[in-house]
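# What the coordinates show
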Amino acid sequence: MNALRPLLEKYIASLPATRKEVKLIPKTEVLPGTRTCMFEKEQQTPTCSINIQYFAPGEFSFRNQQIASLLGQVPIIYTKTIREEAGAAYSVGAGCSVSYYPQGKFRLGVRFPTSPERRDLAIRLVDEGIDELIKNGPNVEDINKAKEYLLKVDQSNRTVNEYWLDILGYRWNHGYDKSKGFEEMINGITPKDIQEMAKKIKAGDRIAVVMSTPK
């Protein structure tokens, strides 16, 4: 460090200083409301790609991040309705996250390929799946499996340097040491917590982007 510091100081001192004030202007992630953006394109193999995103204001916290992670790992509703009952897709990808800039926001995304003929049915089943989750809550067994997965990944990650670098960065940016009390936090999350987050997200904005071969 003693040898490196003078070199860094010399380099930084040589950089031009314009003293120009920079003003950051937050960009809107998604326009408010509910809408579907659908376009068609000729393809050799008829197919349809569906990506539905839900957005809602929400408090950024490490606990909410874990609730969102568990919510994103409960695709059983879509697997049952879209794949098994409707035969509209082989697999359904879902993910949920919490952002903090420029303001706290929840986001839930559901995406999957289907056939052009089942396009409208599949979109309807996604909305109905979230409504069912809000009404009845997630399956306790599914949540417990998701919790076991998160705890297993956490224990495995603690053996690599990247994990601890992330811990330091998170503590620097948010003032919270997420390496402490992780297991107690995960075990303390209830199906009701996940149900309430789903309810908040569904009450927010929604956009569906659909690319399909003409029927």
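Summary of the structure given here. (Residues numbered from 1 in each chain as written. Predicted model: local features only at pLDDT ≥ 70, side-chain atom pairs only at ≥ 80, totals over all residues. Heavy atoms only, no water.)

### Topic: the packing of aromatic side chains
Condition: When two rings of Phe, Tyr or Trp (its six-membered ring) have centres within 6.5 Å they constitute a pair, described as stacked for plane angles under 30 degrees, edge-to-face for angles over 60, and tilted for the intermediate range. Strands are runs of DSSP state E lasting at least 2 residues, helices are runs of H or I lasting at least 4, and numbering of each runs from the N terminus. Relative accessibility under 20% of the residue-type maximum defines a buried residue, over 50% an exposed one, and the middle range a partly exposed one, all with a 1.4 Å probe and only protein chains included.
Enumeration over the complete set of coordinates arrives at six aromatic pairs. For the ring pair F62 and F182, a centre distance of 6.0 Å and an interplane angle of 45° mean the geometry is tilted. Of this pair, F62 sits in helix 2 (residues 62-72) while F182 sits in helix 7 (residues 182-188), placing them 120 residues apart in sequence. On the accessibility criterion, F62 (9% relative accessible area) is buried. F182 gets classed as buried once you look at its relative accessible area, which sits at 7%. Here a set of aromatic residues connected by ring pairs shows up, and it is made of F60, F62, Y100, Y170, Y176 and F182.

### Section: the pattern of salt bridges
Under the convention used in this document: By salt bridge we mean one thing: a side-chain nitrogen of Lys or Arg within 4 Å of a carboxyl oxygen of Asp or Glu.
One pass over the full model with this rule turns up eleven salt bridges. A salt bridge links K202 to D131; the shortest N-O distance between them is 3.2 Å. Placement of K202 in helix 8 (residues 191-202) and of D131 in helix 4 (residues 119-136) is noted, with a sequence separation of 71 residues between them. Under the relative-accessibility criterion, K202 is labelled partly exposed at 27%. The partly exposed category is assigned to D131, whose relative accessible area is 37%. A salt bridge links E141 to K145; its shortest N-O distance comes to 3.6 Å. Taken together, the residues E141 and K145, both in helix 5 (residues 140-157) and four residues apart, mark about one turn of the helix. Because the salt bridges share partners, they merge into one network encompassing E40, R119 and D120.

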